[in-house]
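If you want the building blocks of each chain, they are given just below.
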Amino acid sequence: MAVKAAGRASSRNHDNPIPKPELIQLLTPEGELTPHPDYPLELSVDEIKSLYRDLVLVRRIDFEAIALQRKGELGIWASLLGQEAAQVGSGRALEPRDMAFPTYREHGVAWCRGLDPVKLLELFRGVNFGGWDPREHNFHLYTIVIGAQTLHATGYAMGIQRDGAVGGEDGEAVIAYFGDGATSQGDVNESFIWASVNNAPIVFFCQNNQWAISAPLEKQTRVPLYQRAQGFGFPGLRVDGNDVLACLAVTRKALQAAREGQGPTMIEAYTYRMGAHTTTDDPTRYRLSAELESWKLKDPIERVRQYLIRPGLAKEDFFAAVNAEADEIGARIRQACETMPDPEPLSMFDHVYAEPNALVAAEREQAAAYISSFMTEDGAR
Amino acid sequence: MTSGQTRQHRPRAARKRPAEPVTITYREAMRAAIREALQRDDRVFLMGEDVGRYGGCFAVSLGLLEEFGPERIRDTPLSESAFVGAGIGAAMGGMRPIVEIMTVNFSLLALDQIMNNAATLRHMSGGQVGVPLVIRMTTGAGRQLAAQHSHSLEGWFAHIPGLKILAPATLEDARGMLWTALADPDPVLIFEHGSLYNVSGTLPADAGPVGIDRAAIRRPGRDVTLISYGGTLGKALAAADRLAGDGIEAEVIDLRTLRPLDDAAIIDSVSRTHRVVLADEGWRSGSLAAEVSARITEQAFYQLDAPVQRVCGAEVPIPYARHLEQAALPQPETIAAAARAVVG
């Protein structure tokens, strides 16, 4: 009997290799349009210009925030550098009635939801724990715990279902943001199961930026992340996360499917974290600069600029105006951040419970007495 | 394979003469302990998030990947339940894993593995299966990491039978507790307060394993006993300095091991000073400080000249703004004020 010399040593030599991932792209890094039959996108030049403006402004907001952290004005900042297209594309696909559940890095989505970036700075400065009303913008507060929001989003989507707000002209949908690292967490996998079996109106938007702090993608998965969705029972697809047009088109379609009652979709936006995980991190410890350099050639902003500039769809005055607006926003949020008042010391006792609580009240009183022991006679501290 | 098996270890090289003391940080002392364990016992390996290429979120394992390779310094996916559970399995299979959970806050994702598995398997297997696992994690507040990344939950874990809980507060203990913990046949959790990693001092060059069953008197005194551990010990010692300026001689006890507690050391000190202040970063209600206080009341009630006082973390989610966070934690001033109050 012939014995097959099977390559047991390498478990990667499967007879059935993992299918090569397909990347949905509508705008190449060089700025060429590449229409996709499944994702038609009709946008006017003004609409594309508007997306360009979004990309530039959110990058500038991010840049200012990093600088503010370096000056000691913010405790920490999680940069979105490199992920502008994934966030603006998906963010602009949302209807006002849809609900978004962000991580702590979704500054571009926040922008698209109409949130003043100063609100983000308040959060990262510690002036408050989320100074915006999630219902006003249908943009939930940032979630710090990795992947936890995917379950909240699933529960919210099931609530929409229960309210009968799925289907019809004005159907609603939910989008849950998370990263590649989060896909290793139990919570995210459990949310996939729940969303699937309940056919919840949700889009799982995974920004695969290749790095979970220092853990590279190959430490998180052996299959392309979007292919996991099939195992949970809903479609998954990979989009060029640095292509704002593709991200917009793909997310629009997935949201529409969810609104119509067709259940969840997972979108893997294939992108790159160009900066550190947060301002506490130093990526030079664990990744090669060659990788960073190769991604610079796929910059999400430059390709839109190329698209606009070459056939003369936009002139220098347009780009200058956008840059001037970025400068203005930068100056405004910088000034706002530096003049934010420190929260009152006793405010830490607020919102521990909704109703008065004897223990908290006693500690507040104790702290007030302690603080007042430092007061001079004229009431100054 | 049961956990009862042991292997011959290479004896440590005899030293010709006492080595010179070395200046070292808490972080480096912990790293030296991990390195020694990896060198002495090939069953030992380190596993956790960012421990390899990054060198650990708090840089404890910096350089160990290069020294020991990826089989023994293992980066994991973001799956706390998985890598703690896998550590339990490896320990059951005869290995001696050191599992690093980035911070205590993330241990909550592995709580079922720690509490319902590691802590119970010996009992529920009729003594057949032990879990000689060491789990290290950073604990505590004080670094502006906000309410979800600043917990002091070692008191919770000290509630659980089947576990041993250590809180190294000194360089000697950072250097010495790990090996003793690895030699223990049952799961041991080591809580490293995040504020300690940069603390620097001197250690004998041949510093090695220390016991993990006794509290320590870090400063003798006769007027009042300050009981603390981990990241709050330094604040208790600073409070004792202030009190000395007022003519109050405070004795400072470092609990070191939070489960089992060294009742004898506590009761002995209280029986000499007759006054106690407990300083614990954990929330007061249901805290470790509450447990110690109860034991003093049970065992030394008639030795007390004043009610036991506790200085604990404010019972709020830990604030993110620096000045609020500092106000929410025990500080040398607040510990000293409580001590003055009981001394009267």
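Residues numbered from 1 in each chain as written. Chains lettered and ligands numbered in written order. Predicted model: local features only at pLDDT ≥ 70, side-chain atom pairs only at ≥ 80, totals over all residues. Heavy atoms only, no water.

### Some remarks on the overall build of chain A
In terms of regular secondary structure, chain A is built from 13 helices and eight strands. The globule rule puts the C-alpha radius of gyration for 381 residues at 21 Å, and the 23 Å found for chain A is close to it. Projecting the C-alpha coordinates of chain A onto the three principal axes gives extents of approximately 95 × 60 × 50 Å. Contacts in chain A between residues at least 24 apart in sequence constitute 75% of all its contacts with a sequence separation of at least 6. (Helix = DSSP H or I, 4+ residues; strand = E, 2+ residues; numbered from the N terminus. Rg over C-alpha atoms; globule rule 2.2 N^0.38 Å. Contact = heavy atoms within 4.5 Å.)

### Digging into the sheet that holds strand 6 (residues 164–166) of chain B
Residue and element names in this part refer to chain B. An order of 3-2-4-5-7-6-12 is seen for the seven strands of this open sheet, with the pairing classed as mixed. Every interior strand has two partners, whereas the edge strands, strand 3 (73–75) and strand 12 (257–259), have only one. Neighbour to neighbour, the strand axes of the sheet diverge by 20 degrees on average, direction disregarded. Across three bridges, strand 2 (residues 44–48) lies against strand 3 in parallel orientation. Along strand 3, the bridge assignment pairs L46 with I73. (Pairing = 2+ DSSP bridges. Axes fitted to C-alpha atoms, helices over the stretch in contact; angles between N-to-C directions.)

### Comments concerning the nonpolar core
Core analysis: the biggest nonpolar cluster contains 74 residues, and Y52, L121, Y142 and L308 of chain A have the highest contact counts within it. If we ignore the near neighbours within four places in the chain, the residues touching L121 of chain A are A65, L68, L74, W77, I333, C337 and M340 of chain A. Counting 56 residues, the second-largest nonpolar core is a separate cluster that includes M47, A110, I114 and I296 of chain B. (Core = buried A, V, L, I, M, F, W, Y, C linked by side-chain atoms within 4.5 Å. Buried < 20%, exposed > 50% of the residue type's maximum accessible area, 1.4 Å probe, protein only.)

### A few points about the domain arrangement of chain B
All names here are of chain B. Partitioning chain B into domains gives domain 1 (22–204) and domain 2 (216–343). Taking only C-alpha atoms into account, the centre of domain 1 sits 26 Å from that of domain 2. At the junction of the two partners, domain 1 supplies 30 residues and domain 2 supplies 24 residues. Counting the surface lost from both domain 1 and domain 2, the interface buries some 2,000 Å², and carbon and sulfur atoms represent 55% of this. Our count for the domain 1 to domain 2 interface comes out at two salt bridges. R218 is paired through a salt bridge with D173; the nearest N and O atoms lie 3.1 Å apart. Across the domain 1-domain 2 interface, the total number found is 17 residue pairs in polar contact (both at pLDDT 80 or more). Only helix 7 (154–157), strand 6 and helix 8 (171–183) provide two or more residues apiece to the side of domain 1 that touches domain 2. With three residues, the top contributor of residues to the side of domain 1 that touches domain 2 is strand 6. (Domains from an automatic or database assignment. Buried area = accessible area lost by both parts, 1.4 Å probe. Salt bridge = Lys/Arg side-chain N within 4 Å of Asp/Glu carboxyl O. Polar contact = N/O pair within 3.5 Å; in protein donor to acceptor, adjacent residues only side chain to side chain.)

### As for a nonpolar patch on the surface
All names here are of chain A. Side chains of I193, W194 and V197 sit close together on the surface and give an oily, nonpolar patch of about 330 Å² of accessible area. Assignment of secondary structure puts I193 in helix 7 (residues 186–197). The class of I193 is partly exposed, set by a relative accessible area of 41%. (Patch = residues over 30% accessible without salt bridge, like charges linked within 9 Å, V, L, I, M, F, W, Y side chains within 5 Å. Areas by Shrake-Rupley, 256 points an atom, 1.4 Å probe, with all protein chains shown as cover.)

### Some words on the layout of surface pockets
The computed volume of the second largest pocket comes to approximately 840 Å³. Lining the second largest pocket are 31 residues, and of these Q366, A367 and Y370 of chain A together with A327 and T334 of chain B lie nearest its centre. Only helix 13 (358–372) of chain A together with strand 14 (309–313), helix 12 (322–328) and helix 13 (332–343) of chain B provide two or more residues apiece to the lining of the second largest pocket. Of the residues contributing to the lining of the second largest pocket, the split by class is 19 nonpolar, seven polar and five charged. (1 Å grid on protein atoms, 1.4 Å probe; cavity = no way out; pocket = protein on both sides within 12 Å on 5 of 7 lines; lining within 4 Å. Points joined across faces, edges and corners; volume = space filled by probe spheres on them. Nonpolar A, V, L, I, M, F, W, Y, C, P; charged D, E, K, R; others polar.)

### Looking at unusual backbone geometry
In this model, R259 of chain B is joined to P260 of chain B through a cis peptide bond whose omega is 0 degrees. Locating P260 of chain B in the fold gives a position in the loop between strand 12 and helix 10 (263–273). Unlike most non-glycine residues, H351 of chain A shows phi in positive territory, near 65 degrees. Relative to the helices and strands, H351 of chain A is located in the loop between helix 12 (316–338) and helix 13. The exposure class of H351 of chain A is exposed, given its relative accessible area of 75%.

### Examining helix 10 of chain B
Residue and element names in this part refer to chain B. Among the residues of helix 10, I266, I267, S269, V270 and T273 are the ones counted as buried. Projected down its long axis, helix 10 shows its buried positions confined to an angular sector of 165 degrees, all on one face. At its buried positions, helix 10 is contacted by strand 10 (224–228), strand 11 (250–254), strand 13 (276–283) and helix 11 (288–300). Positive backbone phi, at 70 degrees, marks H274, one or two positions downstream of helix 10. (Arc of directions from axis to C-beta.)

### As for the pairing of strand 8 (residues 265–270) of chain A
Residue and element names in this part refer to chain A. In terms of residue burial, strand 8 counts as a mostly covered element, since five of its six residues are buried. With six bridges connecting them, strand 4 (residues 202–208) and strand 8 associate as parallel partners. Residue pairing across strands places N208 opposite Y270, the latter belonging to strand 8. Judged from the five bridges that link them, strand 7 (residues 236–240) and strand 8 form a sheet pairing that is parallel. The residue bridging G236 from the neighbouring strand is M266, located in strand 8. Between the parallel pair strand 7 and strand 8, the chain is carried across by helix 9 (residues 244–259), and the sense of this crossover is right-handed. (Right-handed = clockwise from strand over helix to strand, strands pointing away.)

### A word on the interface of chain A and chain B
Listed by partner, the interface residues are 40 residues for chain A and 35 residues for chain B. Taken over both partners, the interface formed by chain A and chain B buries close to 2,900 Å², and the fraction arising from carbon and sulfur atoms is 60%. At the boundary of chain A and chain B, one finds one salt bridge. Its salt-bridge partner being E363 of chain A, residue R284 of chain B comes within 3.7 Å of it at the nearest N-O pair. Here chain A and chain B share eleven residue pairs in polar contact (both at pLDDT 80 or more) between them. Looking at the side of chain A that touches chain B, the elements that each hand over two or more residues are helix 4 (117–125), strand 5 (211–212), strand 6 (215–216) and helix 13 of chain A. Among the elements that line the side of chain A that touches chain B, the one with the most residues is helix 13 of chain A, at four residues. Here the residues of the side of chain A that touches chain B are counted per class, giving 22 nonpolar, nine polar and nine charged.

### So, the environment of D254 of chain B
Checked against the element boundaries, D254 of chain B lands in strand 11. Within polar-contact distance, the side chain of D254 of chain B engages the side chain of R218 of chain B at 3.0 Å.

### Examining the side chain of R96 of chain B
Mapped onto the elements of the fold, R96 of chain B is located in strand 4 (residues 96–103). Although R96 of chain B lies buried, it forms no salt bridge, and the closest oppositely charged side chain, D41 of chain B, sits 5.4 Å away as judged by the N-O distance. (Lys, Arg positive; Asp, Glu negative; His and termini not counted.)

### Structural notes on helix 11 (residues 300–309) of chain A
Residue and element names in this part refer to chain A. Looking only at helix 11, the buried set comprises P300, I301, R303, V304, Y307 and L308. Projected down its long axis, helix 11 shows its buried positions confined to an angular sector of 165 degrees, all on one face. Residues of helix 11 that are buried make contact with helix 1 (45–70), helix 2 (84–93), strand 7, helix 9 and helix 12. For helix 11, the side-chain oxygen to backbone nitrogen distance between the N-cap and I301 is 3.1 Å, and the N-cap itself is D299.

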